[in-house]
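# Working through the structure, step by step
Listed here are the chains, written in short residue letters.
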Amino acid sequence: MRLSLVILLLTAFRISASENLSDHETFCQQDNTISCEHYLQQQLTATTPYSNNWFRIKAYQLNYLFDKNQFLQLQHEAEYLLTQPAMPDVFRVQLYFYYAKALFYFKKTDEAKIYAAKAVAILKEVYTVFGNPLRIVELANLQYYLGELDQAEQLLRFAQSHYSKSIDPLFLFELNSNFAHISHQRDDLTSAAAYRADALAAAISLGHTGKMIIGMGNLARTQQLLGQLAAADQLYQDSLKYTAEPEHQVQHHIHLLRLTEINLQLNRPTLARDYFQQIEPKLLSSFHMTLYQQFGTSLAQFTAQ
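Residues numbered from 1 in each chain as written. Predicted model: local features only at pLDDT ≥ 70, side-chain atom pairs only at ≥ 80, totals over all residues. Heavy atoms only, no water.

### A look at the overall build of the chain
For clarity, the threshold we go by: Starting at the N terminus, helices and strands are each numbered in turn, a helix being any DSSP run of H or I of at least four residues and a strand any DSSP run of E of at least two. Only protein chains enter the calculation, and the probe is 1.4 Å; a residue is then buried if its accessible area is under 20% of its type maximum, exposed if over 50%, and partly exposed in between. Residues are treated as being in contact if the distance between any of their heavy atoms lies within 4.5 Å. Values of accessible area rely on a 1.4 Å probe in the Shrake-Rupley scheme; residue burial ignores everything except the protein chains shown.
What the chain contains, in helices and strands, is 16 helices and zero strands. In the chain, buried positions account for 49% of the 305 residues. Pairs at least 24 apart in sequence give 58% of the contacts found in the chain among residues at least 6 apart. Carbon and sulfur atoms make up 51% of the accessible area of the chain, which amounts to about 15,200 Å² in all.

### With respect to a nonpolar patch on the surface
Note the threshold: By definition, no residue in a patch forms a salt bridge, and every one has over 30% relative accessible area; like charges are joined within 9 Å, nonpolar side chains (Val, Leu, Ile, Met, Phe, Trp, Tyr) within 5 Å. Definition used for salt bridges: Asp or Glu carboxyl oxygen within 4 Å of a side-chain nitrogen of Lys or Arg.
Together, L72, Y105 and F106 line one region of the surface with nonpolar side chains, adding up to about 300 Å² of accessible area. Inspection of the secondary structure puts L72 in helix α5 (residues 71-81). Accessibility expressed as a relative area gives 48% for L72, which makes it partly exposed.

### Brief notes about the nonpolar core
Put simply, the test is: Working definition of a nonpolar core: buried Ala, Val, Leu, Ile, Met, Phe, Trp, Tyr and Cys residues. They are joined through side-chain atoms within 4.5 Å.
Ranked by size, the top nonpolar core spans 58 residues in total, and within it L40, L74 and F91 carry the most contacts. When residues of this core are assigned to their parent elements, the largest contribution, 10 residues, is made by helix α6 (residues 89-105). Leaving out residues up to four positions away in the same chain, L74 has contacts with L62, L65, F66, Y98 and A102. Grouped together as the second largest cluster of nonpolar side chains are 25 residues, A232, L240, F276 and L291 included.

Take a look at the structure:
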């Protein structure tokens, strides 16, 4: 089915604004004495298998696995569920969506596209399944990673127009971040920077450290690519007070790496060296390790002059 038809069908329904918590988090708040993972399993065990309520809780479990990046378990759960002959249409489209995400994570792109298309097609019959605007943005994000930029943008435009009065900062963060991804992919860095600035403002309003780090890093990197080095330098510096927390140490050292690069670009080798010496190479990916080695060579050349 053509995506434009899906969007026309979706426009017939007005859907409530999303909450900042994920669906599974809201459900798990009913019992704070155990982890969400254990609570979900406990509820599944206590519910009649394959009943409507069981599928509802199972959907929360898939959402939990997706949010926690447990893609291997997500794939296994999805493959088991796909063998079941009957399930609610609402659950089926969610299942296709999460399975496509898992397949893409494991670089099974062609197969992921098949299940993404299945999810979009079912929307013709169950257009309220992605009633939560964040789910619409997530579907757009999947289309983006599958290289379907026009389809991704159409879904984002739909979400933007139908939730234009939303003040949910999480929705605004995700919406503008995904618009920025598309603009960046199309080499429109000016538009990407504008969207990233809006995403950062939403992250600050949300007060979520992880989102703020992502927002600051993305905007700073785009500013750097635009040649706005002073602005990028300041934003990366500002981010360090957040990335210094132990759970964000990888991002902390990536930002130190970018500060090294920017100060080399600004011909400030002393400052560049200060940042460079704070980096823990073992925390860098192979891509960033290559940059680290290049910057080390550049700093050595400055010393030799």
